[in-house]
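Chains, contacts and geometry: an overview
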Amino acid sequence: MTEAEHRDRYIRIFSLIDFTSLNGTDSIKSTVSLCRKAMFFGEQGLPVPAAVCVFSPFVQTALRELSGSGMTVATVAGAFPHGQAPIQSKLEEVSFALDQGADEIDLVFSRGVFLSGDHQQVYDEIAVIREYCEEKTLKVILETGELGTPELISEASDLALNAGADFIKTSTGKIPEGATAQSVAVMLDRIRAFHEKTGGIRGIKPSGGISEPDKALLFFNLVAEKLGEEWLTKERFRIGASRLAGKLAEIILLKRL
Amino acid sequence: MKKRITPFFAILALMAFGLSGCTDDDPTPAPADPRQIFLGIWSVTETETRLTYEVNIEIDTKSQNGGVYIYNFANSGTSSNPAYAFVSGNTISLDINQVIGDNWIVNGSGSLSGTKINWPYTLNDGATLHYISAVYTKL
């Protein structure tokens with residue numbers, strides 16, 4: 001790969017980032033700062049990230065800050081990050097997020113129920129939340145680091161895709177194991193199988209532990225290899241990260257390849 | 001004779017008192033500030049990172065907390081609020097759960113060995129809890 005191609009890929013990766021802050025210390029002030037930083041990248045000649053991802057109390061702030069930028073606002077739901085809550089509580093959470101104006105819902109997969117063997121309950125939960133979300137983008141976070149085996153990641157991917165997920169996402173970022181090449185490869189295989197079977201187009205969002213440009217490039221190349229270049233758009237591919245954006249910007253703008 | 005001796009001993013006694021008084025009042029050298037060995041500019045390399053960056057460690061003269069400021073900790077930017085750390089012997093420890101840079105929460109301790117500090121730390125950037133090993137080299 002030439003230096004120009006390398007840089008071009010980093011620029012494209014930049015435009016696929018869900019620029020994320022999901023900390024207990026988040027506030028309106030920090031959300032404003034996050035959004036302004038996302039906008040600032042655009043002012044430096046970089047593309048803006050695909051979306052900003054914040055907790056639901058900060059969705060309105062993010063929407064106001066990002067107005068006209070082309071960025072969407074995502075939020076997490078479903079008892080993030082563990083997913084341990086009754087369905088009614090999760091529905092209320094999703095309803096609140098949608099009322100606030102969230103464009104995208106990153107929903108936690110109930111892996112506790114899934115690993116107990118009750119796949120139908122998990123399917124029903126995603127399906128009903130899918131209905132609530134209507135035309136909004138629904139990403140289902142599998143937390144692959146807790147599912148453990150490729151077989152379970154494969155089963156969970158199929159379940160989420162069949163229940164109506166627009167994207168399947170690897171991780172919450174709150175456990176040590178985030179996205180790995182193996183887990184992403186398994187998920188990409190299931191997205192391709194779903195596409196071949198139904199014609200439906202679904203996306204992938206590696207997240208968790210992606211702070212290095214090289215690692216993001218690994219996932220970018222994996223998506224291109226397994227699903228094709230046409231999947232390298234923000235409608236089909238996102239990368240959940242925060243620190244990555246600053247590092248990419250430094251490499252791209254300071255030409256440190 | 002007594003009249004001659006008495007003033008002589010009195011003077012000696014006064015001199016002795018004065019000398020010992022001088023000894024008590026002289027500022028004795030204070031023990032070296034353990035923070036001194038950490039001060040200055042360090043070049044930092046981190047695991048899995050192709051970028052290196054520099055940090056500047058300065059003594060906290062603004063408060064009575066007894067720590068140091070670390071500017072650009074975790075490459076958070078020199079204009080960002082600095083990290084705060086405490087020094088004990090050869091160990092430098094970040095103040096617990098402090099927020100720096102872009103709302104990053106950092107924790108961890110480094111240990112000085114020769115001209116290097118090995119500093120493993122965690123950084124929660126809002127998307128991920130990163131486990132980072134940093135090596136500081138004195139410039």
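Residues numbered from 1 in each chain as written. Chains lettered and ligands numbered in written order. Predicted model: local features only at pLDDT ≥ 70, side-chain atom pairs only at ≥ 80, totals over all residues.

1. Details of the overall build of chain A
- Secondary structure summary: chain A contains 11 helices and eight strands in total.
- Its C-alpha atoms give chain A a radius of gyration of 17 Å, near enough to 18 Å, the size a compact globule of 257 residues would have.
- Based on the C-alpha atoms only, the size of chain A along its principal axes is roughly 50 × 40 × 35 Å.
- Counted over contacts in chain A with a minimum sequence separation of 6, partners at least 24 positions apart contribute 75%. (Helix = DSSP H or I, 4+ residues; strand = E, 2+ residues; numbered from the N terminus. Rg over C-alpha atoms; globule rule 2.2 N^0.38 Å. Contact = placed C-beta atoms within 7 Å.)

2. With respect to the interface of chain A and chain B
- Contacts between the two partners involve 25 residues from chain A and, on the opposite side, 14 residues from chain B.
- Those elements giving two or more residues to the side of chain A that touches chain B turn out to be helix 2 (28-43), strand 8 (239-241) and helix 11 (243-253) of chain A.
- Here the side of chain A that touches chain B is built from residues that sort into three nonpolar, 14 polar and eight charged. (Nonpolar A, V, L, I, M, F, W, Y, C, P; charged D, E, K, R; others polar.)

3. Let's talk about helix 2 of chain A
Residue and element names in this part refer to chain A.
- Between its first and last C-alpha, helix 2 extends 22 Å over 16 residues, near the 22 Å set by a 1.5 Å rise per residue.
- Burial in helix 2 covers these residues: T31, L34, C35, A38 and F41. Seen along its axis, helix 2 keeps its buried residues to an arc of 110°; they face one direction. Away from the buried face of helix 2 by more than 90 degrees, exposed residues I28, K29, R36, F40 and E43 are located.
- Where the residues of helix 2 are buried, they touch strand 1 (17-20), strand 2 (51-54), helix 3 (59-66) and helix 11. (Expected span 1.5 Å × (residues − 1). Buried ≥ 20, exposed ≤ 12 C-beta atoms within 10 Å, placed from the backbone. Arc of directions from axis to C-beta.)

4. What to know about the confidence of the model for chain B
- Scored by pLDDT, chain B has a mean of 82; 75% of the residues are at 70 or more.
- Low pLDDT, under 50, characterises residues 8-24 of chain B; the predicted model gives this stretch zero contacts beyond four residues in sequence or across chains. (pLDDT = per-residue confidence, 0-100.)

5. Some details on the pairing of strand 3 (residues 72-77) of chain A
Residue and element names in this part refer to chain A.
- Of all six residues making up strand 3, six are buried, and the element is well covered by its neighbours.
- Neither face of strand 3 is exposed, since T72, A74 and V76 on one face and V73, T75 and A77 on the opposite face are all buried.
- Viewed along the sheet, the connection from strand 2 through helix 3 into strand 3 turns out right-handed.
- Taking the sense of rotation as the criterion, the β-α-β connection linking strand 3, helix 4 (residues 87-100) and strand 4 (residues 104-108) turns out right-handed. (Right-handed = clockwise from strand over helix to strand, strands pointing away.)

6. Quick word on the sheet that holds strand 1 of chain A
All names here are of chain A.
- Read from one edge of the open sheet, eight strands run 7-6-5-4-3-2-1-8, paired in parallel fashion. Single-partner strands in this sheet number two, and they are strand 7 (203-205) and strand 8. Neighbour-to-neighbour, the strand axes of the sheet open up by a mean angle of 25°, direction not taken into account.
- Across four bridges, the pairing between strand 2 and strand 3 is parallel. Residue pairing in the sheet places V52 in a bridge with V73 of strand 3.
- Sitting on the sheet, helix 4 is in contact with strand 3 and strand 4, with an inclination near 165° to strand 3. (Pairing = 2+ DSSP bridges. Axes fitted to C-alpha atoms, helices over the stretch in contact; angles between N-to-C directions.)

7. Considering the packing of helix 9 (residues 181-198) of chain A against helix 10 (residues 213-227) of chain A
Residue and element names in this part refer to chain A.
- Taken N-terminus to C-terminus, the directions of helix 9 and helix 10 make an angle of 30°; their axes are 10 Å apart at the nearest point. When the axis of helix 9 is compared with that of helix 10, the two are roughly parallel. With respect to the hand of their crossing, helix 9 and helix 10 are arranged in right-handed fashion. Between helix 9, through A181, V184, A185, L188, D189, I191 and R192, and helix 10, the contact on the second element is made entirely by L218, F219, L222, V223, K226 and L227.
- Of the residues contributing to the contact of helix 9 with helix 10, the split by class is 10 nonpolar, no polar and three charged. (Parallel < 35°, antiparallel > 145°, perpendicular 65-115°, else oblique. Left-handed = near helix turned anticlockwise from the far one by under 90°.)

8. Quick word on helix 11 of chain A
- Taken together, the buried positions of helix 11 of chain A are occupied by R243(A), L244(A), A245(A), G246(A), K247(A), L248(A) and I252(A).
- One or two residues past the end of helix 11 of chain A sits K255(A), with phi positive at roughly 55°.

9. Comments concerning the packing of helix 6 (residues 119-133) of chain A against helix 8 (residues 150-163) of chain A
Residues and elements named next belong to chain A.
- Following both chains from N to C, one finds helix 6 and helix 8 inclined at 35°, their axes separated by 8 Å at the closest point. Viewed along their axes, helix 6 and helix 8 form a crossing whose handedness is right-handed. Between helix 6, through H119, V122, Y123, I126, A127 and R130, and helix 8, the contact on the second element is made entirely by L159, A160 and A163.

10. Here's the deal with unusual backbone geometry
- Residue P81(A) is reached from F80(A) by a cis peptide bond, and omega for that bond is 0°.
- Relative to the helices and strands, P81(A) is located in the loop between strand 3 and helix 4.
- At N72(B), a position not held by glycine, the phi torsion is positive, near 70°.
- Turning to its location among the elements, N72(B) is positioned in the loop between strand 3 (68-71) and strand 4 (83-88).
- If you check the backbone angles, N75(B) has positive phi at about 60° while not being a glycine.
- Considering the arrangement of structural elements, one finds N75(B) in the loop between strand 3 and strand 4.
- Residue classification places N75(B) among the buried residues on the basis of 21 C-beta atoms within 10 Å.

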